[in-house]
Amino acid sequence: MGVDTRQIQTAVLADPESDDPVVCPTDADELDEFREEFAGTTFWCGILLGGCGGQLLTRRGNVRVSHFAHFPDLDGLLPACGRRSRGVASADHLYVRAATQTWLRRQGHTPRYRYIDRDDAPVGSLVEIELDGRTLLLHMDPATPPDWDSAQAGDIILGPGVQVDYRTLVRRGYVNRIRFVSEGNQRVMMLGTELPHVGTDWDFELADCTVDEHGRLITPVVARVEAARAVAERAPVPRPRSEKTEEPVQIGALTRLINNAVQKKETAAVRELRDTAQLQVPRCEGQALEHLQHAIEHANDLLNEQARVRRRLFAGLDEAVRHGHVYKVTTLTPQVRKFILGDTVTTPQEAGILQAADTLLREARQQAAQERRAADERRAAAAREWDERRAAEAEERRRRRAAQAQEQQAQLVTQAQERKARNRARGQVQSITGRLRREKLSAQQQKHLVEELVLAAKEAGDHLSEAEQHKVNEWVERIAAPVEEPGTAEKTSPAAQRQPEAITDPAKLPDRLVPAAAAVRGALKKAARERTTTSWSRLEHQLGSALPSLTSSERVQVLVQVDRSTAGDEPLLSSLLAAGDPHFAYQYYRHVLTALSLDAPDDDEDLRNVVEADTEQVFTEWRFR
């Protein structure tokens, strides 16, 4: 995933004034490992980063990359922060200390770091390393040009993008540079040396470099340049003889110097030595004169060849400039400057060509920079448009998911309400059929109840068992049949059918069973809320001494007392006991139903269906009680 410089990617650890930087991983999975590594550590928008000093948090990116973000205030607003740079390179000036401190101490130095902050050089532009009275000054910001002639500048080292003009580079001979590359959530410093006409050589390690007693950074390239200068200073170069020269020139040494300079193609030295040799021709004779003239011829051949190459290079450069061939000018200009490095004398025409080439290249760079900025702006606009579209699509997906969830929840509520209504209607069916069977009612009363029975059966729908639906149909047919004689009606009425076996009247429950009934009712209510059935043995284990050992008749009396207060349209709590103990249900639960004036199916399968329906209704009714 690429870097998103619109987000904060660097911070400092533990304190707003800290100079210990850290980079936030952009990958979401790497951010999880980063959080684990820095658990318990706080992140800050550091003062030395040009930040506001506020605390930062890590934000896991889904649409954008992961990044640091400010903590909002109590009102949910972000603090005002004037931090300019937010990318991974914004903390490079702080990584200077981490990269160089141990390296300098191993060389016997005691470095002190200062991050200069002034109006013309914002914090992070300049890093000053003081080494025992000497200074290394690192220029990190291209907008803050170095002052090469300042007495306090010390050894100047350039950061990424900081330019040096050609004349200064030639005058100094070299310029040291630094740059940073990312490794995980850290930044690693690299050193390099720029040479005229050659470019920057980065092909060495920090351990290969030293800081000398004068406070100068010595890289392998600088060491080679200094060694070459020392050799050049030690080599004796004969000067042209004048009338005031008192000591004679050694012809043999002069001949060797000319041949050596010709071999190395040092144009300026060859020209100077040739001029000296020509002055020595009148005083030579014999073999010495022959050797000297031969050396002069070699020098002239080289100078003539160099002149032809020089004319060809300048002619090609002039033509490329006049036709505006930027690529060709870019290629030829370094070649021309490298060629004239050994012979710095240029004609006004050559100087004009070089100046025109520099102007063309500068304008080309400016145009290229404008085009890059325009392209960057287009890419940034496209990225913003993409992010906005992705955010809109994500919001639309979230809205659809929320609507679907609401619809599903509404469907579940509706289905639950329908089940509750059908279970209630089934209870009404059972209650009405029980009244029709047990009570002596007039024909008009029976007709009215059957009408209610039909409506309840229709609402209950498929929640009615086959036996219950059959009883509804019987009562509808019975009401539709012709009215018989009173005596006959008494013989055939359901109320006159066999009554269930009588049990002890629950109203006369013995005093010793009253606490047991209360304990059983509480246990059944708890089971209803937990949506579980139970058995009499489980109740005895659960209630302990609160439920003494009872006979079957006493158990029936206790359950009748438990459900005496249950409304007519609600299921019985004792149905949980019947569902969890089938033996008890078939043997004694019918007595409980009969005692409460409820219909008790004769068929065991029908009774099991009734118990299952009542149990489900109990779970629904007691779910939120």
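These lines cover the structure that appears in this document, whether it is placed above or below. (Residues numbered from 1 in each chain as written. Predicted model: local features only at pLDDT ≥ 70, side-chain atom pairs only at ≥ 80, totals over all residues. Heavy atoms only, no water.)

## Here's the deal with the pattern of salt bridges
Pairing between side chains of opposite charge can happen when their charged atoms approach one another. If you walk through the whole model with that rule in mind, you get 27 salt bridges. Among the salt bridges present, the one from D92 reaches R187, with a minimum N-O distance of 2.9 Å. A residue pair is termed long-range when its members are at least 10 positions apart, and D92 in helix 2 (residues 92-106) and R187 in strand 11 (residues 186-195) qualify at 95 residues. Pair check on accessibility: D92 and R187 agree, each one buried. Two residues, R400 and E396, come together in a salt bridge whose shortest N-O distance is 3.5 Å. Separated by four residues within a single helix, R400 and E396 lie in helix 9 (residues 348-438), roughly one turn from each other. The structure contains a network of salt bridges with shared partners spanning D29, D32 and R60. (Salt bridge = Lys/Arg side-chain N within 4 Å of Asp/Glu carboxyl O. Helix = DSSP H or I, 4+ residues; strand = E, 2+ residues; numbered from the N terminus. Buried < 20%, exposed > 50% of the residue type's maximum accessible area, 1.4 Å probe, protein only.)

## Re the sheet that holds strand 5 (residues 67-70)
One open sheet holds the five strands; their spatial order is 2-1-3-4-5, and the pairing between them is antiparallel. Either end of the sheet is taken by a strand with one partner, and the two such strands are strand 2 (21-23) and strand 5. Here four bridges tie strand 4 (residues 55-59) to strand 5, and the two strands are oriented antiparallel to one another. In the sheet register, L56 faces strand 5, and the bridge partner there is H70. Contacts from helix 1 (residues 28-37) reach strand 2, strand 3 (43-44), strand 4 and strand 5, with the element oriented near 140° to strand 4. (Pairing = 2+ DSSP bridges. Contact = heavy atoms within 4.5 Å. Axes fitted to C-alpha atoms, helices over the stretch in contact; angles between N-to-C directions.)

## Focus on the side chain of Q430
Residue position: Q430 is located in helix 9. The exposure class of Q430 is buried, given its relative accessible area of 10%. There is a polar contact of 2.7 Å between the side chain of Q430 and the side chain of E468. With residues up to four places along the chain from it excluded, the contact list for Q430 reads E468, D599, V610 and D614. (Polar contact = N/O pair within 3.5 Å; in protein donor to acceptor, adjacent residues only side chain to side chain.)

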